[in-house]
Amino acid sequence: MAQEAAHHPTRADRQKCWKRRDAYFACLGESNVLDPTGPEAAGVCQELGKKYQGACMKSWVEYFNKRRVLEVEQKEILERMRAQHRAAEKKAAEAKTKA
């Protein structure tokens, strides 16, 4: 979408963008690549990446890429917090049974 400032995407444009994004991100996921802008992404899913970037406005691509990384990081942090909580509960239960 070269004429980003002059072109307001239609519903069909948005749906095409999302479909291409989802296909590209699925490919990255299958290849265990988190960051679409990282060096590990350079050699994988190139054709899908080009289609994604061609179907979406540049600002959207930047947003979606950042959001992908942030979501995964948030899930990892949440899982660590849950594991810590489970460990603390287990320790408290053990202490209670010993008392």
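Residues numbered from 1 in each chain as written. Predicted model: local features only at pLDDT ≥ 70, side-chain atom pairs only at ≥ 80, totals over all residues. Heavy atoms only, no water.

For the protein, the name recorded in an unreviewed UniProt entry is Cytochrome c oxidase assembly factor 6, with Modicella reniformis as its organism. In the Subcellular location (unreviewed entry) part of its UniProt record, the protein is described as follows: "Mitochondrion". (UniProt positions renumbered as here; feature names shortened; annotations may be inferred.)

Visitor: What is the right way to look at the pattern of salt bridges in this model?
Guide: Two side chains that carry opposite charge are able to pair once their charged atoms sit near each other. Throughout the structure, instances matching the rule amount to three salt bridges. For Arg67, the salt bridge identified is with Glu71, shortest N-O distance 3.3 Å. Here Arg67 and its partner Glu71 are both found in helix α3 (residues 58-98), four residues apart, which amounts to about one turn of the helix. Since its relative accessible area comes to 36%, Glu71 is described here as partly exposed. (Salt bridge = Lys/Arg side-chain N within 4 Å of Asp/Glu carboxyl O. Helix = DSSP H or I, 4+ residues; strand = E, 2+ residues; numbered from the N terminus. Buried < 20%, exposed > 50% of the residue type's maximum accessible area, 1.4 Å probe, protein only.)

Visitor: Which parts of the structure should I look at to understand the packing of helix α1 (residues 11-30) against α3?
Guide: For any two helices packed against each other, one specifies the crossing angle of their axes together with the interaxial distance. Viewed as axis vectors pointing N to C, α1 and α3 meet at an angle of 40 degrees, and their least axial separation amounts to 12 Å. Relative to α3, the element α1 lies oblique. Along this stretch, α1 crosses α3, giving a crossing that reads as right-handed. Across the interface between the two elements, Arg14, Cys17, Trp18, Arg21, Phe25, Leu28 and Gly29 from α1 touch Trp60, Phe64, Asn65 and Arg68 from α3. Tallied by class, the residues present in the contact of α1 with α3 amount to six nonpolar, two polar and three charged. (Axes fitted to C-alpha atoms, helices over the stretch in contact; angles between N-to-C directions. Parallel < 35°, antiparallel > 145°, perpendicular 65-115°, else oblique. Left-handed = near helix turned anticlockwise from the far one by under 90°. Contact = heavy atoms within 4.5 Å. Nonpolar A, V, L, I, M, F, W, Y, C, P; charged D, E, K, R; others polar.)

Visitor: What should I look at first to understand the environment of Cys45 in this one?
Guide: Structurally, Cys45 can be placed in the loop between α1 and α2 (46-55). Relative accessible area serves as the criterion here: at 12%, Cys45 is assigned to the buried category. It is 15 Å that separates the C-alpha atoms of Cys45 and Lys19, two residues lying 26 residues apart in sequence. Residues within four places of Cys45 in sequence aside, it is in contact with Tyr24, Cys27, Leu28 and Ser31.

Visitor: What is the right way to read the state of the cysteines from this model?
Guide: Working definition of a disulfide: a covalent bond connecting the sulfur atoms of two cysteines. Here the structure, examined in full by the defined rule, presents two disulfides. The residue that forms a disulfide with Cys17 is Cys56, at a sulfur-sulfur distance of 1.9 Å. Taking the sign of the S-S torsion, about 110 degrees here, the bridge from Cys17 to Cys56 comes out right-handed. Within this pair, whereas Cys17 is found in helix α1, its partner Cys56 is found in the loop between α2 and α3, the two being separated by 39 residues in sequence. Using a relative accessible area of 0% as the deciding quantity, one classes Cys17 as buried. Two residues, Cys27 and Cys45, share a disulfide whose sulfurs are 1.9 Å apart. Taking the sign of the torsion about the S-S bond as the criterion, the disulfide between Cys27 and Cys45, at about -90 degrees, is left-handed. With Cys27 in helix α1 and Cys45 in the loop between α1 and α2, this residue pair connects regions lying 18 residues apart in the sequence. (Disulfide = S-S within 2.5 Å.)

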